[in-house]
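Breakdown of the fold
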Amino acid sequence: MNIRNLDLNLLFVFEAVYATGNISKAARQLDLSQPAVSNALNRLRKQLDDPLFVREGNGVVPTSKSVTIIEPIRAALKAIQDTIEQPDEFDPATSRRHFRIIVADPLEPLIVPELLGKISVDTQITYELLPPQRFNIEEALLQDRIDLAVFLMPDRIPGIVSEPLMPVDLVALARIGHPRISGAVQPKQLMQENHVGLMLVPGKLENSSKVTVWQAIEQRVVCHVHKVNSIPQIVAATDLIGFVPRKYAEHMSRYYDLQVINLDAPFSNQKFHLSWHKRHEHDGPHKWLREQIVRALG
């Protein structure tokens, strides 16, 4: 017989009849009608070319072929059932998974070290960070080229799930010891300074159209950079001013001698979002990854 033509349900019927020794009892156990069980048994008899059971008294007894095949069939059915019913849990200490993610530049130093700190020396978890400037987030999620993205809100497309994480909340950075800026300053004074600014080229850099928050600031930019991560380094070594998200600024001020300067009013109501495709909604490892990212950002 061709195994591809075998209906798995017939094996469940066979096992129930074998276990109960009675077609009526097997029907009650399977929540089927007696004719349905008899019909299934007849189909399996034809496929296996054996009567499988013969009548004896008020029940049935197995043939020698049934006795031979019952244990392997039971083992196979149990393995299938255990696999399907296995809880979708994920143990980062022992599980194997390769995660492909896009993370906005300002959030990368906040998230990635936390993720890597969750894995042990002999872990089988691996990460691949893809540059947001080169991969369209919506296309990458739809095509399953990435597991998730931590970026600004994606376009509303069916199948993509998005949850807000935190506001962008821009602040100004200046080096400690700046000749004209120390502590609280007026916005007008900030704007009179030379700035290092983020260069966003619509159409050339993927996802650049989503980034509107920096474009709302009128700056005297004397140095354009393509990555937010360049701003703290330049500001710390010069008298230039830079605008970055607050959490990122607070984090980078631990490593550079920087002042974090609050702005009187927010330039934008944009928020960072955690986005993924709904195909991963109930996937255990994916849920674990989302939880770690949310926890890393507090």
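Refer to the structure printed above.
Residues numbered from 1 in each chain as written. Predicted model: local features only at pLDDT ≥ 70, side-chain atom pairs only at ≥ 80, totals over all residues. Heavy atoms only, no water.

**A short note on the packing of aromatic side chains**
Which entries qualify depends on this criterion: Any pair of Phe, Tyr and Trp rings, taking the six-membered ring for Trp, is counted once the centres come within 6.5 Å. Such a pair is stacked with planes under 30 degrees apart, edge-to-face with planes over 60 apart, and tilted for the rest. Under the scheme used here, helices are H or I runs from DSSP no shorter than 4 residues and strands are E runs no shorter than 2 residues, and both carry numbers assigned from the N terminus. Type-normalised accessible area, obtained with a 1.4 Å probe on protein chains alone, sets the label of each residue: buried when under 20%, exposed when over 50%, and partly exposed for intermediate values.
Counted under the stated rule, the structure contains five aromatic pairs. Ring geometry for Phe 14 versus Tyr 18: centroids 6.2 Å apart, planes at 55°, classification tilted. Of this pair, Phe 14 and Tyr 18 are both found in helix α1 (residues 8-20), four residues apart, which corresponds to roughly one turn of the helix. The exposure class assigned to Tyr 18 is partly exposed, which follows from its relative accessible area of 21%.

**Re the pattern of salt bridges**
Rules: Each salt bridge in this description consists of a side-chain nitrogen of Lys or Arg and a carboxyl oxygen of Asp or Glu lying within 4 Å of one another.
According to the stated counting rule, one finds ten salt bridges in the structure shown. Arg 43 serves as the salt-bridge partner of Asp 7, at 3.7 Å between the closest nitrogen and oxygen. One end of the pair, Asp 7, is in the segment before α1; the other, Arg 43, is in helix α3 (residues 34-48), with 36 residues separating them in the sequence. You can call Asp 7 partly exposed: its relative accessible area is 26%. Overall, Arg 43 belongs to the partly exposed group, its relative accessible area being 38%. For Arg 97, the salt bridge is made with Asp 283, and the minimal N-O distance between the two is 3.0 Å.

**Some details on the side chain of His 251**
Defined as follows: The contact rule is simple, with two residues in contact once any of their heavy atoms fall within 4.5 Å.
The topology assignment puts His 251 in helix α9 (residues 246-252). Excluding residues that lie within four positions of it along the chain, His 251 makes contacts with Pro 109 and Leu 110.

**So, the sheet that holds strand β4 (residues 124-130)**
Defined as follows: When DSSP finds two or more bridges between a pair of strands, those strands are recorded as paired. To define axes, lines are fitted to C-alpha atoms, for helices over the stretch in contact only, and angles between the resulting N-to-C directions are given on a 0 to 180 degree scale.
An order of β4-β3-β5-β12-β6 is seen for the five strands of this open sheet, with the pairing classed as mixed. For this open sheet the edge positions go to β4 and β6 (160-167), each flanked by a neighbour on one side alone. Neighbouring strand axes in the sheet, compared pairwise and without regard to direction, differ in orientation by 20° on average. Pairing geometry for strand β3 (residues 96-103) and strand β5 (residues 148-152), over three bridges, is parallel. Bridging across to β5, Ile 102 finds its partner in Ala 149. Of the strands in this sheet, β3, β4 and β5 are in contact with helix α5 (residues 108-116), which crosses β4 at around 165°. Against the sheet, helix α10 (residues 284-296) engages β3, β4, β5, β6 and β12 (271-277), with an angle of about 45° to β3.

**Things to note about a nonpolar patch on the surface**
Quick note on the threshold: Patch membership requires over 30% relative accessible area and the absence of a salt bridge. Like charges are linked within 9 Å, and nonpolar side chains (Val, Leu, Ile, Met, Phe, Trp, Tyr) within 5 Å. Per-residue accessibility takes into account occlusion by the displayed protein chains alone, with areas from the Shrake-Rupley method and a 1.4 Å probe.
Together, Leu 8, Ile 80 and Ile 84 make up a nonpolar patch on the protein surface, roughly 270 Å² of accessible area in all. When you line up the elements, Leu 8 lands in helix α1. For Leu 8, a relative accessible area of 36% translates into the label partly exposed.

**Describing the side chain of His 286**
Going by this rule: N or O atoms closer than or at 3.5 Å make up a polar contact, with two conditions inside protein: a donor-capable atom paired with an acceptor-capable one, and, for residues adjacent in sequence, both atoms drawn from side chains.
Within the element layout of this structure, His 286 appears in helix α10. A relative accessible area of 0% means that His 286 is categorised as buried. A polar side-chain atom of His 286 sits 2.8 Å from the main-chain carbonyl oxygen of Asp 147.

**A closer look at the environment of Gln 233**
Positionally, Gln 233 belongs in helix α8 (residues 230-237). Residues Gln 233 and Tyr 255 lie 22 residues apart in sequence; the distance between their C-alpha atoms is 9.6 Å.

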